[in-house]
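What the coordinates show
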Amino acid sequence: MVDPKDIDFYSLGFRYLETKTMFVSDYKNGKWDDGNSIPFGNFEISPAACVLNYGQGIFEGMKALRAKTGEIVLFRPEENGKRFNMSARRMVMPEYDVDKFLEAIKKVVKANEEYIPPYDSGGALYIRPLMIGNGPIVGVAPAEEFKFIVFTVPVGPYFPEGFNGIHLEISKKYTRAAPGGTGSAKTCCNYAGTMLPAKETKAKGFAQILYLDAINMEYIEEVGTANFFGLINGKIATPRKTGTILEGITRDAILELCSKKLGIEVEERDISYKELFEESCTETFCTGTAAVITPISSVFLEGKKRVFNNGEPGELTTKLYELLNSIQRLEIEDEFGWIVKIS
Ligand SMILES: *Cc1c(COP(=O)(O)O)cnc(C)c1O
C-alpha cells in the first residue's frame, strides 16, 4: 500500500497503485454472505478454481470523482450494477443485488477517500468490481462458489497533455466477438483474446484496433474497450446493439445528450467501414468510462488512410467531451439525474 501522503496526484499516470481497503463477499451454499471491507491484500485460490481454468469471471469499470463542489460523486453507478448482473447471467454466475452493489461501491470509495485525486488535478479513483467463480471444478461446468471483490486505483487525467486524438487500424484479420458469443458481457474472456491484435497494431504505431463484425467483416463494432461514434451526414451514428458489442454506459449518455440536449439526430445502425472513407463522415470518436471521449484522428485499412478534421478533435467531439465532463464533476447542472453523491 502506498501512503496517500506520498502520492503526487498532479503527476499521476495510469500505473497500478494499491489503496487501503477492498470489499469482499463470498457466495457459498446458494447465497451471498454480508461481505466485508478489509485491508487490500492477496487471497488464496484453488488451482482448480473455475475462473483459472475456464475463465468464469466478470467485471465492471467505474470512477469516483471529486466534484467542483468538493463532493465525491459517481456516474450512473446503478447502470454498472445492472450490467454486472447481465454479465453474471450470461456466465452462469449468481446475481449480486444492485442496492448491495451500490452500498459496497460507496463503502470502498469512502474507505479509500484519501486516494481520490483532487478536483483540479483532473484525476479519478478508478473502481474495479469483479466476480470470479473460485470454487474448484474438474469438468467444464459453472463453479458453486463465487467471490465478489471491489478494489480501487487512483488514476491521473486521461489527457494530461490536452485533448488529443488517436490513430486506429481497422482489422480484417481479427474479430472481437461473434453473434451468439459473449461480446455484450463484461467477462474477462473477451479481453485476453484482444491482447495480441493490440500488440501487433501498437507495433505498427496505432493506438488500437477498430473491430468489424465477424460475419461480413464490414460493419463497425467497437474499439476493443470503447464504443464507436461517427458524425455522418450531420447525424450521430453508432453501431446498434446486436449482442456483439459491449453496451457502454458512456455510449448511452452520448446518445441522450445528442438527442435530448443538443438536438442532433442519432442513429443506432449498421455502419460500414467504407462510410469512414467518405467525405460525409466528418468526425469520429470512441467512448468509455476511462477517457469518457477519445477523438479518432485517423483510420487505416489495407494501405488506405482517412484523416478526420486534419487530425484535430472535431467540434462536436470536443463539445460532447466538455459537456459530459462538466456534468460528471458538477460544474454544470446534472439535468439527467446521472450523478450519485457519496456522503
Ligand atoms: C467497458 C467497455 C466499454 C465502455 O463501457 P462504459 O460503460 O462506457 O465504460 C466498451 N467496450 C468494451 C469492450 C468494454 O469492456
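Residues numbered from 1 in each chain as written. Predicted model: local features only at pLDDT ≥ 70, side-chain atom pairs only at ≥ 80, totals over all residues. Heavy atoms only, no water.

Around the ligand there are 15 residues in total, and Lys-186, Tyr-191, Glu-222, Thr-250 and Thr-289 lie nearest to it. At 2.6 Å from an oxygen atom of the ligand is found a side-chain nitrogen or oxygen belonging to Lys-186. Measuring from an oxygen atom of the ligand, one finds a side-chain N or O atom of Thr-289 at 2.6 Å. (Near = heavy atom within 4 Å. Polar contact = N/O pair within 3.5 Å; in protein donor to acceptor, adjacent residues only side chain to side chain.)

All right, on to the nonpolar core then. Val-109 and Phe-148 are the most contacted members of the largest nonpolar core, which has 78 residues in total. Lining this core are residues from two domains, each supplying at least three of them: domain 1 (4–155) and domain 2 (166–328). Look past the residues within four positions of Phe-148 in its chain and what remains in contact with it is Phe-23, Val-24, Ser-25, Trp-32, Phe-84, Tyr-96, Phe-101, Ala-104, Pro-129, Leu-130 and Met-131. Core analysis: the next-biggest nonpolar cluster, separate from the first, contains 20 residues, Leu-168, Ile-271, Phe-277 and Val-299 among them. (Core = buried A, V, L, I, M, F, W, Y, C linked by side-chain atoms within 4.5 Å. Buried < 20%, exposed > 50% of the residue type's maximum accessible area, 1.4 Å probe, protein only. Domains from an automatic or database assignment. Contact = heavy atoms within 4.5 Å.)

The next subject is the environment of Phe-14. On the secondary structure map, Phe-14 appears in the segment before strand 1 (21–28). For Phe-14, a relative accessible area of 48% gives the class partly exposed. Each C-alpha atom of the pair Phe-14 and Asn-85 lies 28 Å from the other, and the pair is 71 residues apart in sequence. When sequence neighbours within four positions are dropped, the list of residues in contact with Phe-14 reads Val-155, Gly-156, Pro-157 and Tyr-158. (Helix = DSSP H or I, 4+ residues; strand = E, 2+ residues; numbered from the N terminus.)

Geometric descriptors of this kind do not, in isolation, establish any biological role.
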